[in-house]
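Descriptive structure summary
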Amino acid sequence: MIEIAVCDDEQRIREDLKTRIEGEGLQCRVRCFASGRELLEQAAGLDIVFLDIGMQEANGLEIAEQLAQYPGLLVIFVTAHEEHVFEAFDVGAFHYLLKPVDGEKFSQVLHKAVRQAAQVKERQPLQVKDGSAYRVIPLEQIYYAESNGRKILLHTETETVEFYGRMQELEKRLGEDFFRCHRGFLVHFRYVVGYDTANVYLKNDLKVYMAKQKYGEFSAAYLAYLRRVIAP
């Protein structure tokens, strides 16, 4: 799920951009902010921000400079002020859209930003609390996750990491390279070597359960994964 924010002090524009984004049918959640202050208070976890430059309370360029503390966050300026275009890219803007926003151009920029944000999320490691210490685990090292009561077991090639959590939340965090083949198991497509209606077979002779009702969905998702990783 891509987290998108729209920040503009004009309600009409906020609602218009939100409607446009949601109309693209992307897997995203859109939140609106009327000021830069509100945006900065809740910026953690955001992936993309559509930001006005000429807001009354605070200059959007100054807000963008503060947003730079969040690695991977993409800022798209939406403004009527063409003269700020060079300044916008000086603060690391992903793109710059002029009001009134052209529909086709907006769609192109949004889809490009979502693709890049998804790639960034896939590269981000998973941070969990293992006992009294926090652990950072690269996603590519996870073979599968297993539910064990209130805890989750992350299985890698060399170890099993245990932490408190919910599979539903972990499923969202891990992204489309993982699949919940059973209520108690999440598998990493990267390590799948075979599957049938009862099991998913992983590298190193590992095996996890496959719920029969998940078989068709798993097959489609796995084929989509193969197309992504094999495509030039």
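Presented here is an overview of the structure given in this document. (Residues numbered from 1 in each chain as written. Predicted model: local features only at pLDDT ≥ 70, side-chain atom pairs only at ≥ 80, totals over all residues. Heavy atoms only, no water.)

It is worth spelling out the overall build of the chain at this point. The secondary structure content of the chain amounts to seven helices and 15 strands. The dimensions of the chain, computed from C-alpha atoms along their principal axes, are 60 × 40 × 30 Å. Seen as two clouds, the 29 positive and the 35 negative side-chain charges of the chain have centres 9 Å apart. (Helix = DSSP H or I, 4+ residues; strand = E, 2+ residues; numbered from the N terminus. Lys, Arg positive; Asp, Glu negative; His and termini not counted. Charge placed at Lys NZ, Arg CZ, Asp CG, Glu CD.)

Moving on to the layout of surface pockets. There is about 1800 Å³ of room inside the largest pocket. Met-1, Lys-121, Lys-172, Gly-175 and Glu-176 are the residues nearest the centre of the largest pocket, which is lined by 46 residues in total. Mapped onto the lining of the largest pocket, the elements with two or more residues apiece are β1 (2-7), α5 (103-123), β6 (126-130), α6 (167-174), β11 (178-182) and α7 (215-230). (1 Å grid on protein atoms, 1.4 Å probe; cavity = no way out; pocket = protein on both sides within 12 Å on 5 of 7 lines; lining within 4 Å. Points joined across faces, edges and corners; volume = space filled by probe spheres on them.)

This brings us to helix α1 (residues 11-22). The end-to-end C-alpha separation of α1 is 16 Å, in line with the 16 Å expected for 12 residues at 1.5 Å each. Within α1, the full set of buried residues consists of Ile-13, Arg-14, Leu-17 and Ile-21. The buried residues of α1 occupy one face: seen down the axis, they fall within an arc of 100°. In this structure, α1 carries Arg-12 and Thr-19 as exposed residues pointing more than 90 degrees from its buried face. (Expected span 1.5 Å × (residues − 1). Buried < 20%, exposed > 50% of the residue type's maximum accessible area, 1.4 Å probe, protein only. Arc of directions from axis to C-beta.)

Counting residues in each nonpolar core, the largest one holds 22 residues, and the members touching the most others are Ile-4, Ile-21, Ile-48, Phe-50, Ile-76, Leu-97 and Phe-106. Contributing elements (two or more residues each) for this core: β1, α1, β2 (28-33), β3 (48-51), β4 (74-79) and α5. At six residues, α5 tops the list of elements feeding residues into this core. Contacts of Phe-50, omitting those with residues within four sequence positions, involve Ile-4, Ala-5, Val-6, Cys-7, Ile-21, Ile-76, Val-78, Leu-97, Phe-106 and Leu-110. (Core = buried A, V, L, I, M, F, W, Y, C linked by side-chain atoms within 4.5 Å. Contact = heavy atoms within 4.5 Å.)

Together, Glu-82, Glu-83, Glu-87 and Asp-90 give the surface a local cluster of negative charge. Mapped onto the elements, Glu-82 comes out in the loop between β4 and α4 (85-90). Residue classification places Glu-82 among the exposed residues on the basis of a relative accessible area of 53%. (Patch = residues over 30% accessible without salt bridge, like charges linked within 9 Å, V, L, I, M, F, W, Y side chains within 5 Å. Areas by Shrake-Rupley, 256 points an atom, 1.4 Å probe, with all protein chains shown as cover. Salt bridge = Lys/Arg side-chain N within 4 Å of Asp/Glu carboxyl O.)

Now for the sheet that holds strand β9 (residues 151-156). Strand order across the open sheet formed by five strands is β10-β9-β8-β12-β11, with antiparallel pairing between neighbours. For this open sheet the edge positions go to β10 (160-164) and β11, each flanked by a neighbour on one side alone. On average, each strand axis in the sheet is tilted by 20° relative to the strand beside it, whichever way the strands run. Relative to β9, strand β8 (residues 142-148) runs antiparallel, the two being bridged by six bridges. Counted as the bridge partner of Tyr-144 is His-155 from β9. (Pairing = 2+ DSSP bridges. Axes fitted to C-alpha atoms, helices over the stretch in contact; angles between N-to-C directions.)

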